[in-house]
Amino acid sequence: MTSTAAVAEGLSARTREIEPPADLISLLSSDGFAWLHDGVGFVTAGVVARVAPDLAAVTLAAIEHDDASGLTGGGLRAVGALPFDGASGGDLIIPARITGLDADGRACETVLAPTEEHSTLHLPHPSRFTLRARPTRAAWRTSVERALAMIDGGELVKVVLARKVTIDTDEPLDIRRLAAHLLRAQSGCFVYSHAGLVGATPELLVRRAGERVTSRPMAGTVTRDGDAAQDALAVDALSRSTKDALEHRPVVDAVVAGLRESCNDVIAEPQPQVVPLANVAHLATTITARVELAGPSAAEIACALHPTPAVGGTPRGAALDAIAELETFDRDRYAGPVGWVDAHGDGEWAVALRCGEIDGHTAHLFAGAGIVKGSEPDAEWAETQAKLEPMLDAVLHFG
């Protein structure tokens, strides 16, 4: 990896307040990154450098930055989606242009280098779709039963198994249109996009703001169908479920232990909360901590925590071995860390869930389920179906 000094040499950034864009997503380039949450966030265009996650903050700090905006919606950042396997060995990009929008509706633009102008694509909507799934339902049952045998044998407490659905279309897919649909349909989630990966995830891996560190891991799921009475019963059942508590607790314990490696005053809520989303609800526990200002950056903390038992399992090593044995595809960036970090080490990182890898006419969609004692193959299949719905809906109906 190129040294910090070599990356920063000759680079300078300028941040100014601008008129809020009518459509922030339209400024996302094909090589750019998007990070949007409840109307706040930023998109990027162009790439001026690539940097390792552990060098990102110090590299940004070495770049001369003229910031006269006084806003928090954008600024100089390194961004990216890291692979599930070997996240710390991936790289982040330093964008040529960052356009951000803050909670007050004010916008700013950070420029390091000229970029091409981009306008919203008006691609035809696909009208024909071919779906392929891995594994088949029968193979899924076999994999879950093998995982349960490992759990009964004491090799595992939990393992997260994933499915992959591939959709081939008659017209190329427009990532900006997919992201715009996810923004409309998946409130409460981080909508993200980077180099073909697009999704809407509810799970905050870590946020660092100065000394304050926050994580909100999720595990344990029920589906919601929009019927208020039935949804209330499902949420109540989730809050009392022994099986879902067994799935959730190792995630909290692992994040607490991970944060204690670099942070102080680590505190987890005593009981998980039920977080309702568009078509599912999850158990979630908020964990807070304090880190020294000169301590690890948000990107470094994210890489240290990953993979949590929410996407891997426990014990970690045995769970990852089981995933390699039982899954029939490479996760690539699915379930890896996705987010950003700035020159102060602050930033936000989520887990890349509810996502798809888009390549022209093809979309590879992913979803997983945590397997613990008491899991049933058909119920876990149904859970993955529910988790696939946001991206299936985006692809099949909005192209």
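Let us look at the structure shown here. (Residues numbered from 1 in each chain as written. Predicted model: local features only at pLDDT ≥ 70, side-chain atom pairs only at ≥ 80, totals over all residues. Heavy atoms only, no water.)

This part takes up helix α8 (residues 316-326). Because the α-helix completes a turn every 3.6 residues, residues three or four places apart line up on one side. Of the residues making up α8, those classed as buried are Ala319, Ala322, Ile323 and Leu326. Projected onto a plane normal to the axis of α8, the buried residues spread over an arc of 100° and lie on a single side. Away from its buried face, by an angle of more than 90 degrees, α8 presents the exposed residues Asp321 and Ala324. Taken together, the buried residues of α8 touch α3 (137-152), β9 (158-169) and β19 (313-314). (Buried < 20%, exposed > 50% of the residue type's maximum accessible area, 1.4 Å probe, protein only. Helix = DSSP H or I, 4+ residues; strand = E, 2+ residues; numbered from the N terminus. Arc of directions from axis to C-beta. Contact = heavy atoms within 4.5 Å.)

Of all hydrophobic cores here, the largest spans 62 residues; its most connected members are Trp35, Leu92, Ile94, Leu259 and Trp349. Among the elements that make up this core, the one with the highest residue count is helix α7 (residues 298-305) (six residues). For Trp35, the contacting residues outside a window of four places in its chain are Val40, Gly41, Phe42, Phe190, Val191, Tyr192, Val338, Gly339, Trp340, Glu348, Trp349 and Ala350. Within the second largest apolar cluster, 34 residues are counted, among which are Ile25, Leu28, Leu36 and Leu178. (Core = buried A, V, L, I, M, F, W, Y, C linked by side-chain atoms within 4.5 Å.)

Another point: the sheet that holds strand β14 (residues 218-223). Strand order across the open sheet formed by three strands is β14-β17-β16, with antiparallel pairing between neighbours. In the strand order of this sheet, the two ends are held by β14 and β16 (273-276), each with one partner. Here the average twist between neighbouring strands, direction ignored, is 30°. Where β14 lies against strand β17 (residues 280-284), four bridges are found, and the strand directions are antiparallel. Paired with Thr223 across the bridge in β17 is Val280. Packed onto the sheet, helix α6 (residues 242-260) meets β14 and β17 and runs at close to 155° relative to β14. (Pairing = 2+ DSSP bridges. Axes fitted to C-alpha atoms, helices over the stretch in contact; angles between N-to-C directions.)

Quick look at α6 now. In this model α6 runs 27 Å from its N-terminal to its C-terminal C-alpha over 19 residues, within 8% of the 27 Å that 1.5 Å per residue would give. Every buried residue belonging to α6 is among Lys243, Asp244, Glu247, His248, Pro250, Val251, Val252, Val255, Val256 and Leu259, and all of these are buried. The distance from a side-chain oxygen at the start of α6 to the backbone nitrogen of Lys243 is 3.4 Å, and the residue carrying that oxygen is Ser241. (Expected span 1.5 Å × (residues − 1). Polar contact = N/O pair within 3.5 Å; in protein donor to acceptor, adjacent residues only side chain to side chain.)

In this section: the packing of α3 against α8. Taken N-terminus to C-terminus, the directions of α3 and α8 make an angle of 155°; their axes are 11 Å apart at the nearest point. The angle between the axes of α3 and α8 places the two elements in the roughly antiparallel class. Read as a crossing pair, α3 and α8 show a hand that is right-handed. Taken together, the residues of α8 that come into contact with α3 (itself represented by Ser143, Arg146, Ala147 and Met150) are Ala322, Glu325 and Leu326. For the contact of α3 with α8, the residue count by class is four nonpolar, one polar and two charged. (Parallel < 35°, antiparallel > 145°, perpendicular 65-115°, else oblique. Left-handed = near helix turned anticlockwise from the far one by under 90°. Nonpolar A, V, L, I, M, F, W, Y, C, P; charged D, E, K, R; others polar.)

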